[in-house]
Amino acid sequence: MVTATQSLNDDMIELFAAELGAEVRITEPGAEQEEELLRALEVDLAEGGQHIRPPVVTVMGHVDHGKTLLLDRIRSANVVEGEAGGITQHIGAYQTMRGGHPITFIDTPGHEAFTAMRARGAQATDVVVLVVAADDGVMPQTVEAIDHARAADVPIIVAINKMDRPGADPDRVRAQLSERGLVPETYGGEVITVPMSAMTGDGIDELLDQILLVAELEELTADPTGRAVGIVLEAHLDRGRGPVATVVVQRGTLSVGEPMVAGAAWGRVRAMTDDRGNPLTEAGPSAPVQVLGLGEVARAGDMFVVAPDEKTAGKVAETREHWQRQASLAGTAGGSGGGAKLEDIFKQVQAGETATLNLVLKADVHGSLEAVTDSLRKLERDDVKLTFVSRGVGGINENDVQLAAASEATIIGFNVRPDRNARQAAEAENVEVRLYEIIYDLISDVQNAMVGLLEPEFEEIVVGEAQVRQVFRISGVGPVAGCVVEHGNVRSGAKVRFLRDGTIIWKGSISSLRHFQDDVAEVSAGMECGIGLSDFSDLKEGDVIETYTEREIARVA
Ligand code: GDP
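Values in this document were obtained by computation on a predicted structure and should not be read as measured data. (Residues numbered from 1 in each chain as written. Predicted model: local features only at pLDDT ≥ 70, side-chain atom pairs only at ≥ 80, totals over all residues. Heavy atoms only, no water.)

The next subject is the packing of helix H10 (residues 366-377) against helix H13 (residues 439-450). One way to put it is that H10 packs onto H13 with a least axis distance of 10 Å and a crossing angle of 30 degrees. With respect to H13, the element H10 is oriented roughly parallel. The two elements H10 and H13 cross, and the hand of that crossing is right-handed. Residues Ala371, Val372, Ser375 and Leu376 of H10 touch H13, and the partners they reach there are Ile439, Leu442, Ile443 and Val446. Broken down by class, the residue content of the contact of H10 with H13 amounts to seven nonpolar, one polar and no charged. (Axes fitted to C-alpha atoms, helices over the stretch in contact; angles between N-to-C directions. Helix = DSSP H or I, 4+ residues; strand = E, 2+ residues; numbered from the N terminus. Parallel < 35°, antiparallel > 145°, perpendicular 65-115°, else oblique. Left-handed = near helix turned anticlockwise from the far one by under 90°. Contact = heavy atoms within 4.5 Å. Nonpolar A, V, L, I, M, F, W, Y, C, P; charged D, E, K, R; others polar.)

On to the site of the ligand. Around the ligand, a shell composed of 15 residues is seen, among which Asp64, Lys67, Thr68, Leu69 and Asp164 lie nearest. In this structure, Leu69 approaches the ligand through a main-chain N or O atom, which is 2.8 Å from an oxygen atom. Between the ligand and the protein, one listed contact pairs a nitrogen atom with a side-chain N or O atom of Arg165 at 3.2 Å. Look at the ligand: alone it shows 570 Å² of surface, and the protein chains cover 77% of it. (Near = heavy atom within 4 Å. Polar contact = N/O pair within 3.5 Å; in protein donor to acceptor, adjacent residues only side chain to side chain. Areas by Shrake-Rupley, 256 points an atom, 1.4 Å probe, with all protein chains shown as cover.)

The next subject is the side chain of Thr58. Considering the arrangement of structural elements, one finds Thr58 in strand E1 (residues 56-61). At 2.6 Å, the side chain of Thr58 forms a polar contact with the side chain of Thr125.

Let's shift gears to the nonpolar core. Across soluble globular proteins, nonpolar side chains show a tendency to be buried alongside one another. Membership of the largest hydrophobic core comes to 23 residues, with the highest contact counts inside it found for Leu70, Phe105, Val129, Ile157, Leu207 and Ile211. Within the residue set of this core, elements represented by two or more residues are E1, helix H3 (67-81), strand E3 (101-106), strand E4 (127-133), strand E5 (156-161), strand E6 (192-195) and helix H7 (204-218). Not counting residues within four places of it along the chain, the set of residues in contact with Val129 comprises Val57, Thr58, Val59, Met60, Leu70, Ile157, Ala159, Leu207 and Ile211. (Core = buried A, V, L, I, M, F, W, Y, C linked by side-chain atoms within 4.5 Å. Buried < 20%, exposed > 50% of the residue type's maximum accessible area, 1.4 Å probe, protein only.)

In this section: the state of the cysteines. A full pass over the atoms with the stated rule returns zero disulfides. Free of any disulfide, Cys483 has its nearest neighbouring cysteine sulfur in Cys529, separated by 5.1 Å. Cys483 sits in the buried class, given a relative accessible area of 3%. (Disulfide = S-S within 2.5 Å.)

The next thing to look at is the side chain of Glu465. Turning to its location among the elements, Glu465 is positioned in strand E20 (residues 457-474). If we skip the residues at most four places from it in the chain, Glu465 touches Arg420, Arg423, Val484, Val485, Glu486, His487, Val544, Ile545 and Glu546.

Turning our attention to unusual backbone geometry. When glycine is set aside, most residues are seen to have a negative phi, and most peptide bonds are trans. In this structure, Asn430 takes a positive phi of about 60 degrees despite not being glycine. Looking at where Asn430 falls in the secondary structure, it is placed in the loop between helix H12 (420-429) and strand E19 (433-436). Even without being a glycine, Asp501 presents a positive backbone phi close to 50 degrees. Inspection of the secondary structure puts Asp501 in the loop between strand E22 (495-500) and strand E23 (503-515).

With that out of the way, let us pick up the sheet that holds strand E17 (residues 384-393). Strand order in the open sheet formed by four strands is E17-E16-E18-E19, and the pairing between neighbours is parallel. For this open sheet the edge positions go to E17 and E19, each flanked by a neighbour on one side alone. In this sheet, adjacent strand axes meet at a mean angle of 25 degrees when their direction is disregarded. Pairing between strand E18 (residues 409-414) and E19: four bridges, direction parallel. Residue pairing across strands places Gly413 opposite Leu435, the latter belonging to E19. (Pairing = 2+ DSSP bridges.)

Quick look at the sheet that holds E4 now. Each strand in a sheet pairs with another by means of backbone hydrogen bonds, the pair being arranged parallel or else antiparallel. Within the open sheet, the six strands sit side by side as E2-E3-E1-E4-E5-E6. Their pairing is mixed. Because the sheet does not close on itself, it has two edges, and the strands there are strand E2 (93-98) and E6. Direction aside, the axes of adjacent strands within the sheet are offset by 30 degrees on average. Direction of pairing for E2 relative to E3: antiparallel, over a ladder of six bridges. Following the sheet pairing, Gln95 is matched in E3 by Thr104. Along the sheet, helix H6 (residues 170-179) makes contact with E4, E5 and E6, crossing E5 at roughly 150 degrees.

Attention shifts here to the pairing of E17. Sheet topology places strand E16 (residues 355-363) next to E17; nine bridges connect them, and they run parallel. From the neighbouring strand, Lys362 faces E17, where its bridge partner is Gly392. After leaving E16, the chain enters H10 and then returns to the sheet as E17, a path that is right-handed. (Right-handed = clockwise from strand over helix to strand, strands pointing away.)

In this section: the pattern of salt bridges. One pass over the structure, following the stated rule, counts 23 salt bridges. In this structure, the salt-bridge partner of Arg165 is Asp135, at a minimum N-O distance of 2.8 Å. In this pair, Arg165 is assigned in the loop between E5 and H6 and Asp135 in the loop between E4 and helix H5 (140-151), connecting sequence segments 30 residues apart. Here Asp135 falls in the partly exposed class, since its relative accessible area comes to 26%. With a shortest N-O distance of 2.3 Å, Glu310 and Arg268 are connected by a salt bridge. Highlighted residues: Glu310 in helix H8 (residues 310-333) and Arg268 in strand E11 (residues 265-273), separated in sequence by 42 residues. Where salt bridges share partners, they join Arg417, Arg420, Arg423, Glu465, Arg497 and Glu546 into one cluster. (Salt bridge = Lys/Arg side-chain N within 4 Å of Asp/Glu carboxyl O.)

Let us look at H7. With 15 residues, H7 should cover 21 Å at 1.5 Å per step; its first-to-last C-alpha distance of 21 Å lies within 8% of that length. Every buried residue of H7 is listed here: Ile204, Leu207, Leu208, Gln210, Ile211, Leu212, Val214 and Ala215. One or two positions beyond H7, positive phi appears at Glu219, with a value near 50 degrees. (Expected span 1.5 Å × (residues − 1).)

Structure follows, in structure tokens:
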């Protein structure tokens, strides 16, 4: 017996239906609306008009070959000839004009964004501009960019940059490109190469002309009528304005007031601005615009769609969120899968397999984050690739661990520590967290894993954690931290480090330990104690004192 307000599970419903001779179709709430939404769009697509649309361009290439400068040059050249007083804003993409034809540039150089979008099934790019420095030639990330563009089947134009440099040798670059299967026109192939200098500006106009030429050959068209569809390029939460998303419209026209769904976020378009901050009421194909009005922060690479009404938009978003949550639960529930271990990479490399090391990188400050990133990037080789699943400043938190678990990544912390939740999650999810305070150690560990040569290593075991409640200054003794031991125990003489918001601020050892008036050897969880430190006085309330020991781990190769 069930009452009218009780739910039936799927099996019961099937049984009940069989009894009545009825047929049951079980769908997720919102799934039908989603199908309907997509069906309607399919129809629109089939009717796609022959309207030329501007090309959307991504600039890729090896680090330091001039991608950023090129993007800046094109952008600022346009401001000079553009409308009065236009201050360009970094919204993730911008549009420039060449001979009356607009070209859209995605404003994040590098292949990461490109790959991330593809991973979500979104293809935002029509043309890839591959920047190769004339004085440096084809480098590892050049090759990778070629691979990505090829995999996505996007035409490549090569910008041979830094032609102003004394060592510039465009022919060497062309020869190297030919070796990679990108045969330049001058060598009888089809690949357009444009010698240029982002520094002097020479050749940039020629590059833009070639982009337009390729776009013409590609016959890029889109129907500017009907409900808009496109891709989220960037999204963030703005303090004053709420969730902000930069989208590029792929077809149809997006108008203020329309209900839209972007991934699992939805809302009515409240306002739109272009890359100069001008308000817009409409945006057509290939236009990059910043959109206000979504209820949540969408994810880069999410498709967006205009829905027929708010109710459908809400239902679809709700269903997607439900699915996303299910997927992430399914992805992390097992725990045994976990992230990729440096050791695993080491084994794969030893076995002669191609391996990819996915990393979640956290560091104490922006400068060190960049420095570590650059050094790690330099380690990449043909048989071992590195991918940064995420990079950020600050302590390692539970989110980082979930992300690492979902993407089979190793977490690397530089001068930062995981908080307790993160540590527990890492254990539960079997995610490897490696912590370093010396960049050389970090690089050499990763490098050793990549060449299949991991040294035996020391593992730090956290023994206890105490929180600073009050700091006393006692003459002749120095500062003493009045603490409560929150976990484990604190021993006199133990190695400690101080953490403030997950960042290491000091390392050393405990010089004296007291419980009330007595010197003691050990204080355990739940008890108060006074911790004296030899040579550190910059303690604050709320700091965490972590004590640890080191143990050598035998490596199984
Ligand atoms: P990215 O890492 O590819 O984005 O490279 P950047 O745009 O940051 O450029 C790296 C360095 O090369 C910067 O110091 C630029 O000023 C310089 N650079 C870029 N293009 C040129 C160029 O055409 N000529 C010269 N001489 N330097 C350039």
